[in-house]
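Residue-level structure breakdown
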Amino acid sequence: MRTDISVMIAGKAGDGVLFTGNVLAKILKRQGWEIVTYRNFPSNIRGEATDYTIRASLKKIYGSADEIDVLMAFDCDAIFEHIGAVAEEGVVLCEGQELTRLKPREKTGRIFHAFPMRNLARERFGNEIFKNMILLGGLCYILDLDFRIITQIITDTFLKKKGTDVVAKNIQAIHLGCVEAQKIVRKEERHLLKIKKDSNRLLLSGDESIAYGALVAGCRFFAAYPICPATEISQWLALYFPRYEGLVVQTEDELAALNMALGASYAGVRAMTSTSGPGASLMMEGFSLAGMAEIPIVVVHVQRVGPSTGLPTKSEQADLTQWIHGAHGDFPRIILSPGTIKECYEFTIMAFNLADRYQCPVILLTEQDYGQNYRTVKNFGYSKTQIDRGKMLSQKELLDIDDYQRYKFVRDGISPRALPSMKNGIHMVESNEHDVRGYRDESSHNRKMMMEKRMKKLESARKDLIRPKIWGKRTADIGIIGCGSTLGPIQEAMKQLFDSGIETKYMQIRTLWPFLHTEVENFINGCERIYVVDNNFEGQLKHLIMSQVNHKDKMESILNYSGQTIRPQEISGFIQKALKR
Amino acid sequence: MKKKDYHLHDPTWCLGCGIYGVFSSLKATALSLRMKPEEIVIVTGIGCHGRLNNYFRSYGFHSLHGRALPVATGVKLANVRLSVITVSGDGDAYSIGLSHFIHAVRRNVDLTYIVINNMIFALTQGQTSPTSRMGVISVSMPFGSKELPLDGPRLAFASGGTFIARGFSGTPKQLRHLFEQGLRHKGFSLIDVLSPCVTHNKINTYDWYRKNTYDIGQKQGYDPENRHMAEQVLKGEEKMALGLLYKEERPSYEDLLLPGKKPLLQSRLTIDRKEQERILKKFE
């Protein structure tokens, strides 16, 4: 019996790989397994290679594995591409007969079978589309999946939209796949998975988690331009917001998206936008406006691979610098980096409270790997969210104020807000430098005071920010630092290192800006060596740390800029090698 | 209410600037419609017009260059009870913010959009604007513009505009009338205001505008609700027509998106236990 398995489904865009993968992930989740999915797909609708890997485990897992145990492919290209990752005794089922093209060395230790899914679909159902269900049937046999669960999921998926006939046909196709696989896969080649109780867990993506978080946080205005890999946030909100008195606007571009959200937030509604790469570049001017005008706003940036259009559907962490140092002028900003699906939800709620409390832009910086891939997580359950609107004046309070000043100089830098329509609150919101009432003021004296007032908010915010989380053995003197989606690979790498006798600890940085020196400094002081994991070329996280603390000689970068999330073995291998030096 | 209730400061635009006409007409409009200053939000962009907020007493938002309309749209959608007046120059509206202009027209958001069109970039000292006539010489195009000018009202018509007007800051009475109609209109109203820049534009002067415009009221039998007639007038004759050029009734964006017109601002923020659990069930 296996306790951990990775299954890859591969084909061409348009083959239905994503759909089939999602169904399989759901089946395995309902069988009680922990799930991490990994989509590798092109920015293309039809024709290019795409694959979807589901890792399932009976233990808690955070990321993908290095190896694939079962590979199901609609064509052989995927096999040539991924053969190196297939584990020993791994099973490969492929549509075509081209398996002969594999070198003997590549075949050794692995099991190959031709499985004519397309042909079977055409012959028995007169439609190639059923190949996906035949594939699932094949997996049903190899993994010994529970038929009742599959039937339930297929029924839930198709019944409402397509009717009983389609449900029946799909189930027939699964049966067919199961029977046909039995003919070709030997009993001892199967990887049998047992069933655990699926108790109170969710299977969702980071994008969904963030969107749900926004709803619970009281966000009621969302404006965005569709962009991969953040689109799922808009789509989820577009469906749900109207039911909860919220509004979603699909804008003409990202310039409009952020500015519209700023308009709504200024008028008093919690507002958010989401974007990625090129869209974030367009948002820089609005980001700067939010800083100057002191308007609370939450921007979700699901990072994809840059520069330029880059690899739009793949994961990277190369936009840290853009938000930390980007946009013209100095202004306060808070940048959060969630590292788990649960944190995507929790940090979204915190982001709204932070934005309101400190009247500044809050950026939720995630990655495509978290945005679009699915993971199991303990059910969030009901959360009695504390919605803290910060220093927001009520009409009554405002009427008691003699001379209301929107940008009043106060000790913590946070001046009370009045909203348009309120009596006695008339003021200006100026993109130019302004005085306490918001009216343009170009004097050096005022400029200095206003600058200091705005920047003071960051200091006030410091105590309120999300501290780094430390994982692993506290006494270890090998330290790893990372943020966001490298959490999964780092956790896996730590297990691998532990198995080879190397103890490590890991600091997950959760607030990128303002930088929390003390915690990072303390962690570094407690380590002999520090490895900073960055899913980018320049080592942006490492540079950020180096610019803030004094330990340059201790720190080394582990980088990946291949367009894929870093693999556990890249991290563990690097550290093992470095320690031998 | 008195006119001076909307007057915060005396403006410091150049003496004779067309924007004075807009400023005074706007105050007169606010008075005649008995608008409360706290229920007006004036959103401006970057340009000489952007100072308007500093002189007009109401809530004001001086946004970024070209972004007045997205900001104003956000304000209006958040609180439909506000009267949101957006003011831009020709650079703001028809150059850097052109895309927002077309989309705001197409959405038919209930905004009143006043474009102070002086056919020049004035604040930045006299460069060619998208409404400058072909051949016009300026500091940015010293050998004359080689580009066709852009016509805002015509573009609005092609984009599905529901209220399209052109005014002239030299005829404040008509301007006030157009502002009033625009503010009453349910949906997006464009009032393109021909407005001389006395400092940088020596061609399109008050006299030039008087010679090159006519009042649409003089055109016998003109019906602004007649699409065909409007098309003819907007096609661009030798002279530009002043007045309400086109009008149609169409549900506004808020009518379609916010049933009951309840301001988003008053939306319930908390999601109760039952609802949270129901939503989370979808992820199980």
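Residues numbered from 1 in each chain as written. Chains lettered and ligands numbered in written order. Predicted model: local features only at pLDDT ≥ 70, side-chain atom pairs only at ≥ 80, totals over all residues. Heavy atoms only, no water.

A word on the interface of chain A and chain B
Contacts between the two partners involve 62 residues from chain A and, on the opposite side, 53 residues from chain B. Together, the buried faces of chain A and chain B total about 5000 Å²; carbon and sulfur atoms form 62% of this surface. For the chain A face of the interface with chain B, the top three residues by lost area are A:Glu252, A:Tyr382 and A:Ile426, together amounting to 14%. Summed over the shared surface of chain A and chain B, the result is three salt bridges. Between A:Glu252 and B:Arg107 there is a salt bridge whose closest N-O contact spans 2.7 Å. (Contact = heavy atoms within 4.5 Å. Buried area = accessible area lost by both parts, 1.4 Å probe. Salt bridge = Lys/Arg side-chain N within 4 Å of Asp/Glu carboxyl O.)

Examining the pattern of salt bridges
Residues and elements named next belong to chain A. By the definition in use, this model includes 52 salt bridges over all chains. Taking the shortest distance from any N to any O, the salt bridge between Lys-457 and Glu-294 comes out at 2.8 Å. Taken together, the residues Lys-457 in helix α16 (residues 444-462) and Glu-294 in the loop between α11 (277-293) and β11 (297-305) connect sequence positions 163 residues apart. By relative accessible area, which is 0% here, Glu-294 ends up buried. (Helix = DSSP H or I, 4+ residues; strand = E, 2+ residues; numbered from the N terminus. Buried < 20%, exposed > 50% of the residue type's maximum accessible area, 1.4 Å probe, protein only.)

What about the environment of A:Lys554?
Residues and elements named next belong to chain A. Mapped onto the secondary structure, Lys-554 falls in the loop between α19 (540-548) and β22 (555-559). Judged by relative accessible area, Lys-554 falls into the buried class, the value being 17%. In this structure, the C-alpha to C-alpha distance between Lys-554 and Ile-45, residues 509 residues apart in sequence, is 46 Å. Aside from chain neighbours lying at most four places away, what touches Lys-554 is Ile-524, Asn-525, Cys-527, Glu-528, Arg-529 and Ile-530. In this structure the side chain of Lys-554 is engaged in a polar contact, spanning 2.8 Å, whose partner is the backbone oxygen of Ile-524. (Polar contact = N/O pair within 3.5 Å; in protein donor to acceptor, adjacent residues only side chain to side chain.)

A few points about α16(A)
All names here are of chain A. Here α16 contains 19 residues, and its C-alpha end-to-end distance of 28 Å stays within 8% of the 27 Å for a straight helix at 1.5 Å per residue. Buried within α16 are the following residues: Asn-446, Met-450, Met-451, Lys-453, Arg-454, Lys-457, Leu-458, Ser-460 and Ala-461. Those residues of α16 that are buried lie in contact with α11, β13 (334-336), α13 (341-358) and β20 (511-513). (Expected span 1.5 Å × (residues − 1).)

Note that all results are geometric; they support no functional claim without further evidence.
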